[in-house]
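Breakdown of the fold
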Amino acid sequence: MAANANIPVIDISGEPTDVARQLVAAAEEHGFLYIKNLGDDIPAKDIDEAFSLSTKIFDSPLEEKQKCTINTKNRGWSGMHSETLDPKNQRIGDFKEAFNFGEFINGKAQQPLPSTILPYEARYSAFADACHGLCHKLLYLLGLGLGVDDFFSSAHVTEKGASSSILRFLRYPPTESTTHSNGDVRAGAHSDYGSITLLFRLKGQAGLELLNKDNTWAPVPVCPPGTEDDPSPPILVNIGDLLSYWTNGLFRSTVHRVVFPDGGSGAVPGETSAGPRYSIAFFCHPVGSVALQPVPSERVKHYVKEEVSHDANPYAERKVLTADEHLFMRLKASYGDLYDTKET
């Protein structure tokens, strides 16, 4: 059995400069971290309600979901095998179903929704707002830790323009009722596209792994040691490609996947692949028109001068992109056929 991933757990209720230091260290070394003691940012009861809202989406009739099929704005429903996160190595698309909410305006989704969930629209919107608020806090702290204060957070202020932030609900079918072959994965190996991701998981549900620096896969426990009795599992936060790009590779955008935890792979004591696996991800993006100029941090400048390589950040010496251009580049790799059309 592979050793669990060594990811720090950070108490974000602490003194801000100390929390900022811990966040930057984790972003640089691991690209992943857990956060706990959220206070009023996202109470445990709100997370519980979000998972209840998740089942309402996936229990909707198929014809209702198909009316909301994912489009080139990365919004809507995607069924089994429609997304292939690791096209070079997957023989078949991901074993998952997902629904992406884009930004809400005055509590209203800017996309078609299944009629069965329309009565709960304001609740999905409220959870998305809470996720964005927490991301804004974390981005400010990451800026503080680099000595640039609100450089990141100010680029994510929704009043400045639209962004491609996505609230994504995911359902993976039960392993025991899913026909698959050795080597198949539930979600292919990938790094995330945006600034940072918040990942919410349910206790006892196995499957997530990350790629260590030595190219070995390590399971990521839902509840790391010391958090087993918390009201809800700590939120898993990871750095996305965009923030790695923005820092010229100083912050790691770590590759991860979701596996069928068979034969010890992906297994964590106390976790199981029996029954469906649900998770919720909030992919935070800056305002789409923001130019991804290198962050004006001495630490970043030093890293670029002394340590950066094309392996650490393959985009480091390419032209400056906007946030939207960067996202389109990544989405086309996963949904190539969709992005070859003019559908929006």
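Up top you'll find the structure we're talking about.
A brief structural summary. (Residues numbered from 1 in each chain as written. Predicted model: local features only at pLDDT ≥ 70, side-chain atom pairs only at ≥ 80, totals over all residues. Heavy atoms only, no water.)

**Some details on the nonpolar core**
One finds Phe101, Leu142, Ile196, Leu198, Phe200 and Phe251 to be the most contacted residues of the largest nonpolar core, which totals 66 residues. Ranked by the residues each element gives to this core, the list is headed by helix H4 (residues 121–145), at 10 residues. With sequence-adjacent residues up to four places away left out, Phe200 is seen in contact with Ile42, Ile47, Phe51, Phe127, Cys131, Ile235, Ser279 and Ile280. Residues Leu199, Ala218, Val220 and Ala281 belong to the second largest nonpolar core, which totals 22 residues. (Core = buried A, V, L, I, M, F, W, Y, C linked by side-chain atoms within 4.5 Å. Buried < 20%, exposed > 50% of the residue type's maximum accessible area, 1.4 Å probe, protein only. Helix = DSSP H or I, 4+ residues; strand = E, 2+ residues; numbered from the N terminus. Contact = heavy atoms within 4.5 Å.)

**Examining the pairing of strand E2 (residues 32–36)**
The element E2 is extensively covered by neighbouring structure, given that 4 of its 5 residues are classed as buried. Where E2 lies against strand E12 (residues 235–239), 4 bridges are found, and the strand directions are antiparallel. The residue bridging Tyr34 from the neighbouring strand is Leu236, located in E12. (Pairing = 2+ DSSP bridges.)

**Looking at H4**
Helix length check: H4, at 25 residues, gives a terminal C-alpha distance of 36 Å against a target of 36 Å (1.5 Å per residue), a fit within 8%. Immediately beyond the C-terminal end of H4, within one or two residues, lies Gly147, with a positive phi of roughly 80°. (Expected span 1.5 Å × (residues − 1).)

**So, the sheet that holds strand E10 (residues 208–211)**
Strand order across the open sheet formed by 4 strands is E8-E13-E10-E11, with antiparallel pairing between neighbours. Whereas interior strands pair on both sides, the edge strands pair on one side only; in this sheet they are strand E8 (185–190) and strand E11 (217–219). Within this sheet the neighbouring strands show an average axis-to-axis angle of 25°, counted without direction. Here 3 bridges tie E8 to strand E13 (residues 256–259), and the two strands are oriented antiparallel to one another. In the strand pairing of E13, Val185 is matched with Val259. (Axes fitted to C-alpha atoms, helices over the stretch in contact; angles between N-to-C directions.)

**Observations regarding the pairing of strand E9 (residues 196–201)**
With 6 of 6 residues buried, E9 lies mostly within the body of the structure. What you see with E9 is no split at all: Ile196, Leu198 and Phe200 on one side and Thr197, Leu199 and Arg201 on the other are buried throughout. With 4 bridges joining them, E9 and E12 adopt antiparallel strand pairing. Paired with Ile196 across the strands is Ile239, a residue of E12. Pairing of E9 with strand E14 (residues 277–284), which is carried by 6 bridges, proceeds in the antiparallel orientation. Among the inter-strand pairings, Thr197 is bridged to a residue of E14, identified as Phe283.

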